[in-house]
Amino acid sequence: MERCLWLKVDIFVVNLGHSKQESFKGIEENFQNKYTSWSSTSLTQAGRGTMMKYVLNSIPIYQMSTFKIPTQVLNKLTSIQRKFFWGYKSNRGLNPIGWNKVCKPKELGGMAFRYLEKLNLALLTKLAWRLLNEKNALYTQIMENKYFKKNNILHQKIEAKNGSCIWNRITNGLAIIQQHYFMEVNNGKKTKIWLDGFQVILNPPIPMNDLHRFYQDVKELLLPNLNSWNVDLLKKLFDQTSSQQIQGIFMDLIKEDVMIWSPCRDGKFTVKSA
């Protein structure tokens with residue numbers, strides 16, 4: 001199934017060509033066809049809102065999950081949604097409220113419609129999150145072999161240069177993840193002391209002296225073959241507050257370190273929270 005998905009993506013990339021608007025024209029035509037057929041029916045505004053959320057917004061999800069849809073295309077899709085929701089009978093009509101306000105969450109007075117450009121970026125961020133957490137997946141292996149054979153991309157300054165259109169957009173999601181994650185330390189093997197935030201220290205700690213150069217992974221802060229911190233070493237490397245906070249972390253050498261998405265209470269990535 002996974003191989004079929006990436007075969008479809010590869011075929012689409014080959015056909016993408018120089019005109020990206022033309023490549024995504026099918027989405028716009030699908031939107032317009034739905035709008036035309038629904039406009040002839042007698043729907044309440046609540047009914048139109050439901051149709052938008054569960055039908056119109058689902059049309060571009062597949063492409064949005066892998067590609068950055070051109071802004072011009074997204075603007076046209078938003079225009080079609082807006083005309084449908086406000087019940088336009090022609091290309092002209094009245095917008096009583098700004099679309100940005102309509103897209104706000106219900107608790108903030110909006111209708112919780114999806115802002116398509118933000119949705120597109122959130123879906124690309126999800127792809128980047130999976131790339132970092134699903135090491136054995138086919139797409140991870142493909143990207144790793146081409147773009148980061150030896151390095152951990154989480155700790156790099158990623159730039160979209162001479163990459164595929166997919167990779168260039170994944171880098172946008174990686175930049176967001178780098179700002180909103182921390183590590184749940186268990187055995188300390190995957191957590192970098194000076195690059196990752198973890199549990200009680202949500203930002204990477206600041207080294208106290210040049211001694212920090214000899215230590216990279218959190219596991220190196222433990223006593224050899226023991227499930228306890230090397231307190232003397234902690235006092236040399238960190239300030240008093242950071243040292244005490246680290247000592248309060250319970251280590252579980254059986255479990256791997258886990259990447260946590262800080263905007264969600266359970267630490268699991270969701271498109272809605274991105």
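Participant: Summarise the nonpolar core; cite the residues concerned and give the values.
Facilitator: Counting 64 residues, the largest nonpolar core has Ile 170, Ile 177 and Trp 229 as its most contacted members. Considering every element that reaches this core, the biggest residue donor is helix α8 (residues 116–133), with eight residues. Not counting residues up to four positions away in its chain, the partners in contact with Ile 177 are Thr 125, Ala 128, Trp 129, Leu 132, Leu 154, Met 259 and Trp 261.

Participant: Outline α8, listing residues and values.
Facilitator: Across its 18 residues, α8 extends 26 Å between first and last C-alpha, which sits within 8% of the 26 Å expected from 1.5 Å per residue. Of all the positions in α8, only Leu 116, Leu 119, Asn 120, Ala 122, Leu 123, Leu 124, Thr 125, Leu 127, Ala 128, Trp 129, Leu 131 and Leu 132 are classed as buried.

Participant: Account for the packing of α8 against helix α10 (residues 165–179), naming residues and giving values.
Facilitator: Where α8 meets α10, the axes come as close as 7 Å, and the angle between the chain directions of the two elements is 85 degrees. Relative to α10, α8 is oriented roughly perpendicular. Contact with α8, carried on its side by Leu 121, Leu 124, Thr 125, Leu 127, Ala 128, Trp 129, Leu 131 and Leu 132, involves Ile 166, Trp 167, Arg 169, Ile 170, Asn 172, Gly 173, Leu 174, Ile 176 and Ile 177 of α10 and no other residues of that element.

Participant: Report on the pattern of salt bridges, specifying residues and quantitative values.
Facilitator: In a structure, side chains of opposite charge can pair up when their charged atoms sit close to one another. Summed over all chains, the structure comprises three salt bridges. The salt bridge involving Arg 130 is made with Glu 134; its shortest N-O contact spans 3.3 Å. For Lys 192, the salt bridge is made with Asp 217, and the minimal N-O distance between the two is 2.8 Å. Linking Lys 192 in the loop between β1 (181–184) and α11 (231–237) with Asp 217 in the loop between β1 and α11, this pair joins segments that are 25 residues apart in sequence. On the basis of relative accessible area, Lys 192 is assigned to the partly exposed category, the value being 23%.

Participant: Which residues make up the packing of aromatic side chains, and what are the values?
Facilitator: A full pass over the atoms with the stated rule returns 10 aromatic pairs. Taking 5.3 Å as the distance between ring centres and 45 degrees as the angle between the ring planes, the aromatic pair formed by Trp 38 and Phe 84 counts as tilted. Pair noted here: Trp 38 is in helix α3 (residues 25–39) and Phe 84 is in helix α6 (residues 71–85), with a separation of 46 residues, a long-range link. Accessibility expressed as a relative area gives 3% for Phe 84, which makes it buried. Seen from their ring centres, Phe 85 and Trp 86 are 4.9 Å apart, and the 65 degrees between their planes marks the pair as edge-to-face. In this structure, Phe 85 and Trp 86 share a single accessibility class: buried. Through successive ring pairs, a cluster of aromatic residues spans Phe 85, Trp 86, Trp 99 and Phe 113.

Participant: How would you summarise the environment of Asn 230 if you had to cite specific residues and measurements?
Facilitator: Position of Asn 230 relative to the elements: it lies in the loop between β1 and α11. A relative accessible area of 21% places Asn 230 in the partly exposed class. With 17 residues separating them in the primary sequence, Asn 230 and Gln 247 have C-alpha atoms 8.8 Å apart. Ignoring any residue separated from it by four or fewer positions in sequence, one finds Asn 230 in contact with Leu 221, Leu 222 and Leu 223.

Participant: For the environment of Lys 235, give the residues involved together with the corresponding values.
Facilitator: Along the chain, the position of Lys 235 falls in helix α11. Overall, Lys 235 belongs to the exposed group, its relative accessible area being 58%. Considered as a pair, Lys 235 and Met 208 are 27 residues apart in the sequence and their alpha carbons are 9.4 Å apart.

Participant: Just give me the short version of the confidence of the model for the protein, but keep the residues and values in it.
Facilitator: Residues at a pLDDT of 70 or more form 87% of the protein, whose mean pLDDT is 83. Mean pLDDT in the protein bottoms out at helix α1 (residues 2–14), which sits at 45, and peaks at strand β2 (residues 258–261), which reaches 95. Note that residues 2–15 has pLDDT below 50 and, in this model, 20 contacts with residues that lie over four places away or in other chains.

Participant: So, α6: which residues are in play, and what are the values?
Facilitator: The end-to-end C-alpha distance of α6 is 21 Å, a good match for the 21 Å that 15 residues give at a rise of 1.5 Å each. Val 73, Leu 74, Leu 77, Thr 78, Ile 80, Gln 81, Lys 83, Phe 84 and Phe 85 are the residues of α6 that are buried.

Participant: So, the side chain of Asn 187: which residues are in play, and what are the values?
Facilitator: Along the chain, Asn 187 turns up in the loop between β1 and α11. At 3.0 Å, the side chain of Asn 187 and the backbone nitrogen of Lys 189 are in polar contact. In this view, Asn 187 contacts Lys 219, Leu 222, Met 251, Asp 252, Leu 253, Lys 255, Glu 256 and Asp 257; residues no more than four positions away in its chain are not counted.

About the cut-offs
The written sequence of each chain sets the order in which its residues are numbered from 1. At least 70 in pLDDT is required for a residue's local features to be given in this predicted model, at least 80 for side-chain atom pairs to be given and counted, and no such filter applies to totals for whole chains, interfaces and linings, which use all residues. Only hydrogens and water are set aside when side-chain values are computed; all heavy atoms of the structure are taken into account. In these notes, a set of buried Ala, Val, Leu, Ile, Met, Phe, Trp, Tyr and Cys residues joined through side-chain atoms within 4.5 Å is what counts as a nonpolar core. Whether a residue is buried, partly exposed or exposed follows from its accessible area with a 1.4 Å probe, protein chains only, as a fraction of its type maximum: under 20%, in between, or over 50%, in that order. Strands here are runs of E lasting at least two residues and helices are runs of H or I lasting at least four, both read from the DSSP assignment and numbered beginning at the N terminus. Contacts are residue-level and defined by heavy atoms, with any inter-residue pair within 4.5 Å sufficient. Expected span of a helix, by definition, is 1.5 Å for each gap between consecutive residues, and there is one gap fewer than residues. In this analysis an axis means a line fitted to C-alpha atoms, helices contributing only their contacting stretch, and an angle means the value between N-to-C directions, from 0 to 180 degrees. An angle below 35 degrees is treated as roughly parallel, one above 145 as roughly antiparallel, one from 65 to 115 as roughly perpendicular, and anything else as oblique. The rule for a salt bridge is simple: a side-chain nitrogen of Lys or Arg has to be within 4 Å of a carboxyl oxygen of Asp or Glu. Only the six-membered ring of Trp is used, alongside the rings of Phe and Tyr, when aromatic pairs are assigned; centres must lie within 6.5 Å, and planes under 30 degrees apart are stacked while those over 60 apart are edge-to-face, with the rest tilted. Per residue, pLDDT measures the predictor's confidence, with a range of 0 to 100. For this analysis, a polar contact is any N or O atom pair within 3.5 Å, provided that within protein one partner can donate a hydrogen and the other can accept it, and provided that sequence-adjacent residues contribute only side-chain to side-chain pairs.

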